[in-house]
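Residue-level listing of the chains:
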Amino acid sequence: MTAGGSFDLAVLGAGPGGYTAAIRAAQLGHRVAVIEQDRPGGVCLNWGCIPSKALLTGAELVENLRAHGELFGVSAAGGITLDYAKAIAHSRRTADRLSKGVESLFRKNKITLVRGRGRLAGSNRIDVSGESQGVVEAGRIVLATGSSEWTPPGVQVDGKTILTSREALESTRIPPRLVVIGAGAVGIEFAYVYAMYGAQVTVIEMAEQMLPGADGELAQVLEREFRRKKIEVRLGTRFEELKRVNGGVRVAVRQGEQAAELEADQVLVAIGRRPLSKEIGLEAAGVEVDARGFVGVDERRRTNVASIYAIGDLAGAPLLAHKASEEGIAAVEWLSGVERPPLDHLKIPACIYAQPQVAWIGLTEAQARERYGDELRVGKFPFTASGKAVAAGHTAGFAKILAEPRYHEIVGAHVIGAGATELIAEIGLGMTLESTTAEVATTPHAHPTLSEALMEAALAAEGRGINF
């Protein structure tokens, strides 16, 4: 199929950042083309965020029946039937439906979708090969190619005994024994899913806490809750080697000076991601990248080439879909002359959807104490004191709010517990509006709700906690 033409803007990649940027550009009157070699929606929609959340919903249902059913007169004592293949099928249908939705949005906004592999051939040109062939020329180009799973040298992913998240989202098998290498977001979420569906799971993490970089208190509670769920957690443990043995895998690890070997039927490698910056013609266009392959950008997402912008995972951390979307919108608005506030990556929430859920925004307590010292205001409220959490049987975790000492403006919040990924949005909005803990504390929250935990944490930061 021949494809090509001249456009105001060309977007390379149709993931969350790319398709969002394209739609915003069309709204601003630009003629837009999107070049995508795979299905619209990118990794997040097709092989990441969306299908994994479908699986997590099933895992949560299983846990609720087993762990909390008796509270409400629902007995699972006779056993429940688990068909993980059906959960996988639902997750794939979900991804298919939403991918088609992105295509319909392109049609609605008169965006040209060019199906093929794009490669920069200059500062205003993209050569397309594959399903479509041709040349796309544009006054401006937005690079939104995203990232892919990273595996260490010597590790051969086969999709059967050694997997990354990509293969796990198609695998219908629940292995008797699973080792997860990495306790970041991906490793934690899949460890939870597999454990709830019956696998004996061991999580290996090189750092001294789960969720490296997160607030230390969050990590401690998460570790405790995982151990309660019979998920083994080995921290400060370095993975060294994988060997396929008798249809399974032998995992060599080291904790300090002590070496050990773990036997597993399957291994999930969830160590990290790398930008998809190779073979997209960056050198031909003169676009600079760092040693890890991330494209360098300024505060307006411009590369060193004036007509080329980069957003999302390709442009560096945090590697989050909603960060990519916000950068896509911001880049397009800036190149269109729209006046808008600068991006503040501290105000981008991070969320993990295992149970208990984890969410945070802004500074960790350690970072805030380094900045504000002992005058930092900290308010904390446990879900054991929340009427809604007790009634629902989900009392694990807490909400914590951090505020600077002068005006009590919120500089960070950390939530672990049921509903955390939804609750964090309130604090995100508050930080955008430069809200104080007094303002959150004096905003009536419906009772009984989990969101009251944020109000109570704000009250605690003000020194006038009510229910704890």
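Residues numbered from 1 in each chain as written. Predicted model: local features only at pLDDT ≥ 70, side-chain atom pairs only at ≥ 80, totals over all residues. Heavy atoms only, no water.

Peer 1: What exactly am I supposed to notice about the sheet that holds strand β21 (residues 398-403) here?
Peer 2: Note on sheets: strands pair through backbone hydrogen bonds, and any given pair is parallel or antiparallel. With antiparallel pairing, five strands are arranged side by side in an open sheet as β18-β19-β22-β21-β20. Each edge of the open sheet is held by one strand with a lone partner, namely β18 (350-352) and β20 (377-382). Going from strand to strand, the sheet's axes swing by 10° on average, the running direction of each strand aside. By the bridge criterion, three bridges tie β18 to strand β19 (residues 358-362) in an arrangement that is antiparallel. Looking at the pairing, Cys-351 lines up with Ala-359 of β19. Packed onto the sheet, helix α7 (residues 216-228) meets β19, β20, β21 and β22 (410-416) and runs at close to 5° relative to β22. (Pairing = 2+ DSSP bridges. Helix = DSSP H or I, 4+ residues; strand = E, 2+ residues; numbered from the N terminus. Axes fitted to C-alpha atoms, helices over the stretch in contact; angles between N-to-C directions. Contact = heavy atoms within 4.5 Å.)

Peer 1: Just checking my understanding: could you explain the pairing of β19 for this structure?
Peer 2: Successive side chains on a regular strand alternate, one facing one side of the sheet and the next facing the other. Burial runs high along β19: five of the five residues are buried. Between the end of β18 and the start of β19, which pair antiparallel, lie five residues. Relative to β22, β19 runs antiparallel, the two being bridged by five bridges. The residue bridging Val-358 from the neighbouring strand is Ile-416, located in β22. (Buried < 20%, exposed > 50% of the residue type's maximum accessible area, 1.4 Å probe, protein only.)

Peer 1: What's the story with the state of the cysteines in this structure? I'm lost.
Peer 2: By definition, a disulfide links the sulfur atoms of two cysteines through a covalent bond. Taken as a whole and judged by the stated rule, the model has one disulfide. Note that Cys-44 is cross-linked by a disulfide to Cys-49, the S-S spacing being 2.2 Å. Looking along the S-S bond of the Cys-44-Cys-49 disulfide, the torsion reads about -130°, which is the left-handed sense. Using a relative accessible area of 27% as the deciding quantity, one classes Cys-49 as partly exposed. Cys-49 supplies the cysteine sulfur nearest to Cys-351, a cysteine that is in no disulfide, at a spacing of 11 Å. (Disulfide = S-S within 2.5 Å.)

Peer 1: What am I meant to see in the packing of helix α3 (residues 49-68) against helix α6 (residues 185-196) here?
Peer 2: A pair of packed helices can be characterised by two numbers: the angle between their axes and the separation between those axes. The interhelical angle for the contact between α3 and α6, taken along N-to-C directions, is 45°, at an axis separation of 9 Å. With respect to α6, the element α3 is oriented oblique. Here α3 runs over α6; the crossing is left-handed. Between α3 and α6, the contacting residues are Ser-52, Lys-53, Leu-55, Leu-56, Ala-59, Glu-60, Val-62, Glu-63 and Arg-66 on the first element and Glu-189, Tyr-192, Val-193 and Met-196 on the second. Of the residues that constitute the contact of α3 with α6, the class distribution is seven nonpolar, one polar and five charged. (Parallel < 35°, antiparallel > 145°, perpendicular 65-115°, else oblique. Left-handed = near helix turned anticlockwise from the far one by under 90°. Nonpolar A, V, L, I, M, F, W, Y, C, P; charged D, E, K, R; others polar.)

Peer 1: What is the right way to read the sheet that holds strand β15 (residues 266-269) from this model?
Peer 2: In space, the five strands of this open sheet follow the order β8-β15-β9-β10-β11, with parallel pairing throughout. A strand with exactly one partner marks an edge of an open sheet, and here the two such strands are β8 (162-163) and β11 (232-234). Examined bridge by bridge, strand β10 (residues 200-204) and β11 share three bridges and lie parallel to one another. Its bridge partner being in β11, Val-203 is matched across the sheet by Val-233. Across the face of the sheet, α6 comes into contact with β9 (177-181), β10 and β15 while running at roughly 165° to β10.

Peer 1: Just checking my understanding: could you explain α7 for this structure?
Peer 2: Residues spaced three or four apart along an α-helix point in a common direction, a consequence of the helix completing one turn every 3.6 residues. In a regular helix each residue adds 1.5 Å, so 13 residues correspond to 18 Å; α7 covers 19 Å between its end C-alpha atoms and thus fits that length. Among the residues of α7, Leu-218, Ala-219, Val-221, Leu-222, Glu-225 and Phe-226 are the ones counted as buried. Viewed along the axis of α7, the buried residues span an arc of 165°, placing them on a single side of the element. Those residues of α7 that are exposed and aimed more than 90 degrees away from the buried face are Gln-220 and Arg-228. On its buried face, α7 is in contact with α6, β11, β19, β21 and β22. The N-cap of α7, judged by a side-chain oxygen 3.1 Å from the amide nitrogen of Glu-217 a few residues on, is Asp-215. Taken from the residues just after α7, Lys-230 is the one with a positive phi, measuring 70°. (Expected span 1.5 Å × (residues − 1). Arc of directions from axis to C-beta. Polar contact = N/O pair within 3.5 Å; in protein donor to acceptor, adjacent residues only side chain to side chain.)

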